[in-house]
Amino acid sequence: MMSLSEDSTARRRALRREMASRRMALGEAAHARLSGQIVEILRSTLPRPEICAFCWPIKNEPDVRAIVGDWVEQGTRAALPVVIDEAAPLRFRAWHGQSVLQADRYGIPTPVDGDWLVPDLILLPLNGFDAAGYRLGYGGGYFDRTLATLRPRPLTVGVGFEINRVDSIHPESHDQRLDWIVTEAGAFRPGD
């Protein structure tokens, strides 16, 4: 018989696969259209941050680089997350349009050099999410560990597609709640 912990792990693993499959089924045109709608909602909803961290889109995640580029043109500094150690919080390295990127051990493009920055806003991809403001990532716990340690805590904005909304991700004690969730359907603050 499976323990509660093993059952939760198996359930989350299956949900991660299902959420990724839903995104991968989006055609190129639909992905571009939905990403563009998300960027427009971000543009009209959020204030321009001083330092914005974002994730390079992988696995057909929403592509929000356009809003980051707009903010950079207006004076924002941008950063990408970097895994320093599997058990440590993420660090954020400066990024600009000419940054040299190299795939990390997970295949995620990260800057090879640049200043280490502390963001005041993080755009987080949503593998899966619920109305309570919890996100399902890929299982490494990097963002939860990072958000638990950053002081002051940056504004956390989950960006995802409505096809990845679920009734509940069944948050665990380590899961960090997001401040905003933005999809092609709009922006909402969990709890409002």
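Note that the coordinates shown come from a computational prediction; the quantities given were computed from them, not determined experimentally.

A. Expanded view of the overall build of the protein chain. Assigned secondary structure in the protein chain consists of four helices and twelve strands. Against the 2.2 N^0.38 benchmark of 16 Å for 192 residues, the protein chain shows a C-alpha radius of gyration of 16 Å, consistent with a compact globule. In terms of its C-alpha atoms, the protein chain occupies a principal-axis envelope of roughly 55 × 35 × 35 Å. Across the 192 residues in the protein chain, those meeting the buried criterion constitute 46%. Residue pairs in contact within the protein chain that sit at least 24 positions apart in sequence constitute 69% of those at least 6 positions apart. In the structure as shown, the protein chain presents an accessible area of about 9700 Å², 52% of it carried by carbon and sulfur atoms. When the 23 basic and 25 acidic side-chain charges of the protein chain are each reduced to a single mean position, those positions are 2 Å apart.

B. Molecular detail of the packing of aromatic side chains. Going through the model one piece at a time under the given rule, you end up with four aromatic pairs. Measuring from centroid to centroid gives 5.2 Å for Phe54 and Trp95, while their planes differ by 80 degrees, and the two rings are edge-to-face. Residue Phe54 is located in the loop between β1 (51-53) and α3 (65-73), and its partner Trp95 is located in strand β3 (residues 91-95); the two are separated by 41 residues in the primary sequence. Between Trp56 and Trp95 the ring centres are 6.1 Å apart and the planes differ by 65 degrees, which places this aromatic pair in the edge-to-face class. Here Trp56, found in the loop between β1 and α3, pairs with Trp95, found in strand β3; they are 39 residues apart in sequence, far enough to count as distant. Here Trp56 and Trp95 have matching classes, each one buried. Taken together, the ring pairs in this structure connect Phe54, Trp56 and Trp95 into an aromatic cluster. Its end group placed over the ring of Tyr138, Lys59 keeps NZ or CZ at 4.5 Å from the ring centre.

C. Local environment of the side chain of Thr76. Take Thr76: it is sitting in the loop between α3 and β2 (77-82). A distance of 3.0 Å separates the side chain of Thr76 from the side chain of Arg48, its partner in a polar contact. The residues touching Thr76, leaving out its near neighbours within four places in the chain, are Arg48, Pro49, Glu50, Ile51, Cys52 and Trp71.

D. Expanded view of the pairing of β3. In terms of burial, β3 is largely enclosed, as four of its five residues are buried. For β2 and β3, the ladder comprises five bridges, and the chain directions are antiparallel. Within β3, the residue paired with Val82 across the bridge is Arg91.

E. Seen up close, the pattern of salt bridges. Applying the stated criterion to the full structure yields eight salt bridges. Note that Glu40 and Arg43 form a salt bridge whose closest N and O atoms lie 2.3 Å from each other. Of this pair, Glu40 and Arg43 both sit in helix α2 (residues 28-45), three residues apart, which is roughly one turn of the helix. Under the relative-accessibility criterion, Glu40 is labelled partly exposed at 45%.

F. Seen up close, the nonpolar core. Core analysis: the biggest nonpolar cluster contains 24 residues, and Leu42, Leu123 and Val157 have the highest contact counts within it. Mapped by element, the contributors of at least two residues to this core are α2, α3, β2, β7 (121-125), β10 (155-159) and β11 (180-183). The dominant element in this core, judged by the number of residues it contributes, is α2, at five residues. If we ignore the near neighbours within four places in the chain, the residues touching Leu123 are Leu42, Leu46, Cys52, Ala53, Phe54, Cys55, Val64, Ile67, Val68, Trp71, Val157 and Val159.

G. The environment of His96, seen in detail. Examined against the element boundaries, His96 turns out to sit in the loop between β3 and β4 (101-103). A sequence separation of 27 residues divides His96 from Gly69, and the C-alpha atoms of the two residues are 8.4 Å apart.

So, how was this worked out
What you see as residue numbers is a count from 1 along each chain, following the sequence as written. Selection of residues for local features in this predicted model requires a pLDDT of at least 70, selection of side-chain atom pairs for listing and counting requires 80 or more, and totals for whole chains, interfaces and linings are taken over all residues. The side-chain figures draw on all heavy atoms in the structure; neither hydrogens nor water molecules are used. Numbering of helices and strands runs from the N terminus; a helix is a DSSP stretch of H or I covering at least four residues, while a strand is a stretch of E covering at least two. Radius of gyration: C-alpha atoms only; globule rule: 2.2 Å multiplied by the number of residues to the exponent 0.38. Categorising residues by exposure relies on relative accessible area from a 1.4 Å probe, with only protein chains included: less than 20% of the type maximum marks a residue as buried, more than 50% marks it as exposed, and the intermediate range marks it as partly exposed. What makes two residues a contact is simply this: any of their non-hydrogen atoms within 4.5 Å. Only the protein chains shown count as cover for residues, and all accessible areas are computed by the Shrake-Rupley method using a 1.4 Å probe. Positive charges are assigned to Lys and Arg, negative charges to Asp and Glu, while His and the chain termini are left out of the count. Where a charge lies is defined by one atom per residue type, namely NZ (Lys), CZ (Arg), CG (Asp) and CD (Glu). Two aromatic rings, drawn from Phe, Tyr or Trp (for Trp, its six-membered ring), form a pair once their centres lie within 6.5 Å of each other, and the interplanar angle then sorts them: stacked below 30 degrees, edge-to-face above 60, tilted otherwise. Distance and angle both matter: a charge sits over a ring if NZ of Lys or CZ of Arg is within 6 Å of the ring centre and within 35 degrees of the ring normal. Polar contacts, as counted here, are pairs of nitrogen or oxygen atoms within 3.5 Å of one another; within protein the pair requires one atom able to donate a hydrogen and one able to accept it, and residues that are adjacent in sequence qualify only if both atoms are side-chain atoms. When DSSP finds two or more bridges between two strands, those strands count as paired. Salt bridges are counted wherever a side-chain nitrogen of Lys or Arg sits within 4 Å of a carboxyl oxygen of Asp or Glu. Definition of nonpolar core: a set of buried residues of the types Ala, Val, Leu, Ile, Met, Phe, Trp, Tyr and Cys, connected through side-chain atoms within 4.5 Å.

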